[in-house]
Amino acid sequence: MTVLRPEGEASPEPSAPEEPISRWARWNTPELRRRVLVGAVLVWALGITYAVAVRGDGDSETPAATTRPSAAPSASEGPLTVNEVYQTVLPSTVLIQTTGHDAKNAAEAGTGTGVIANADGTIMTANHVIDGAETIKVTYTDGTTASAEVATQDPEQDIATITPAKLPETLVPATLGGGVEVGDEVVALGNPLGLTMTTTDGVVSGLERSLTREKQDDITGLIQFDAAVNPGSSGGPLINDQGQVVGIVVALANPTDAGTFIGIGFAVPIGAALGGGGEGDGQQPPL
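Each value, and the rule that gives it
- Residues numbered from 1 in each chain as written.
- Predicted model: local features only at pLDDT ≥ 70, side-chain atom pairs only at ≥ 80, totals over all residues.
- Heavy atoms only, no water.
- Helix = DSSP H or I, 4+ residues; strand = E, 2+ residues; numbered from the N terminus.
- Buried < 20%, exposed > 50% of the residue type's maximum accessible area, 1.4 Å probe, protein only.
- Polar contact = N/O pair within 3.5 Å; in protein donor to acceptor, adjacent residues only side chain to side chain.
- Contact = heavy atoms within 4.5 Å.
- Arc of directions from axis to C-beta.
- 1 Å grid on protein atoms, 1.4 Å probe; cavity = no way out; pocket = protein on both sides within 12 Å on 5 of 7 lines; lining within 4 Å.
- Points joined across faces, edges and corners; volume = space filled by probe spheres on them.
- Nonpolar A, V, L, I, M, F, W, Y, C, P; charged D, E, K, R; others polar.
- Patch = residues over 30% accessible without salt bridge, like charges linked within 9 Å, V, L, I, M, F, W, Y side chains within 5 Å.
- Areas by Shrake-Rupley, 256 points an atom, 1.4 Å probe, with all protein chains shown as cover.
- Salt bridge = Lys/Arg side-chain N within 4 Å of Asp/Glu carboxyl O.
- Lys, Arg positive; Asp, Glu negative; His and termini not counted.
- Charge placed at Lys NZ, Arg CZ, Asp CG, Glu CD.
- Pairing = 2+ DSSP bridges.

This paragraph deals with the side chain of Ser234. Turning to its location among the elements, Ser234 is positioned in the loop between strand S9 (216–225) and strand S10 (237–239). The class of Ser234 is buried, set by a relative accessible area of 13%. At 3.0 Å, the side chain of Ser234 forms a polar contact with the side chain of His128. Filtering out sequence-adjacent residues up to four positions away, Ser234 remains in contact with Gly112, Thr113, Thr125, Ala126, His128, Val129, Val249 and Val250.

Right under this line is the structure:
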């Protein structure tokens, strides 16, 4: 249906009543929402920073679940392996070769072992290795050779020291000292049967052993051990699992005339070898 209107200016249509602007509408603007959001982020960031600072400075322990790196515990000191003992004392061990004449004026040659016992190059060995020798030659592990002279002799303990005429470029005195108990692991280092710088290992089999000798008094207070030794090992170091020289090898036991090792070796305790009659203190002595 068409509605006709009278001629003239049409009357305006009534407009809808204007609604009052609410308080929320006045504040809910894009610019204000942006500012509120930025402020919230800043407050959150400050809160996190404060929490981390308090946790780091506090006395409470850090939970295991955190990712903060921690230092790994240092390795505890423990016994050395046979290889480590060998590498530690090898530079301090020397080959001793002697020449002389027997009662029939026949030329003789002997082989033994020694250990560098002091920073001045003094070498400790078994007395019977050098006793009566006309010439003494020492060979260091770096190949350096030198003649040597007898410095001191203690026939009662079968211990002697010699002074070399020349030192190697790098001199490494052994650490002397430490006691042992039955069952302790020990390493012997020497030149048995001419096989230079041979190492063997075993345990302490007994203490306070006595060794009977012809034409000489018995040696008492010896360490018995089962690391293999043979002729040429005499004068070499007996070493504990800390790399300390605890004794000087002087003899082996064999009920036959073969003179070879059957499981019983003897060493003079380092304290007795130094003349103190007790255990060493782990230092190089002023020989």
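There's plenty left to go through after this.
Of all the residues in helix H3 (residues 82–89), the buried ones are Val85, Tyr86 and Val89. Down the axis of H3, the sector holding all buried residues measures 100 degrees, keeping them to one side.

A few words now on empty space enclosed by the protein. Under the defined criterion, the tally for this structure stands at 1 cavity of 30 Å³ or more. Lining the largest cavity are Ala188, Leu189, Gly190, Pro192, Thr198, Thr200, Ala228, Val229, Ser233, Gly236, Pro237 and Val249. Taken together, the elements giving at least two residues each to the lining of the largest cavity come down to strand S7 (185–190) and strand S8 (198–213). A class-by-class count of the residues in the lining of the largest cavity yields 7 nonpolar, 5 polar and no charged.

On the surface, Glu181, Asp184, Glu185, Asp201 and Asp226 cluster together into a negatively charged patch. Mapped onto the elements of the fold, Glu185 is located in strand S7.

A word on the pairing of strand S2 (residues 107–116). Moving residue by residue along a regular strand, the side chains alternate between the two faces of the sheet. With 9 bridges connecting them, strand S1 (residues 93–101) and S2 associate as antiparallel partners. Directly across from Thr98, in S2, lies its bridge partner Gly110. Linkage of S1 to S2, two consecutive antiparallel strands, is achieved through a turn of 5 residues, within which Asn105 is found at a positive phi near 60 degrees. Relative to strand S3 (residues 123–126), S2 runs antiparallel, the two sharing 3 bridges. Within the sheet, the bridge partner assigned to Val115 lies in S3 and is Met124. Connecting S2 to the antiparallel partner S3 that follows it, the hairpin turn spans 6 residues, and Gly121 within it adopts a positive phi of roughly 95 degrees.

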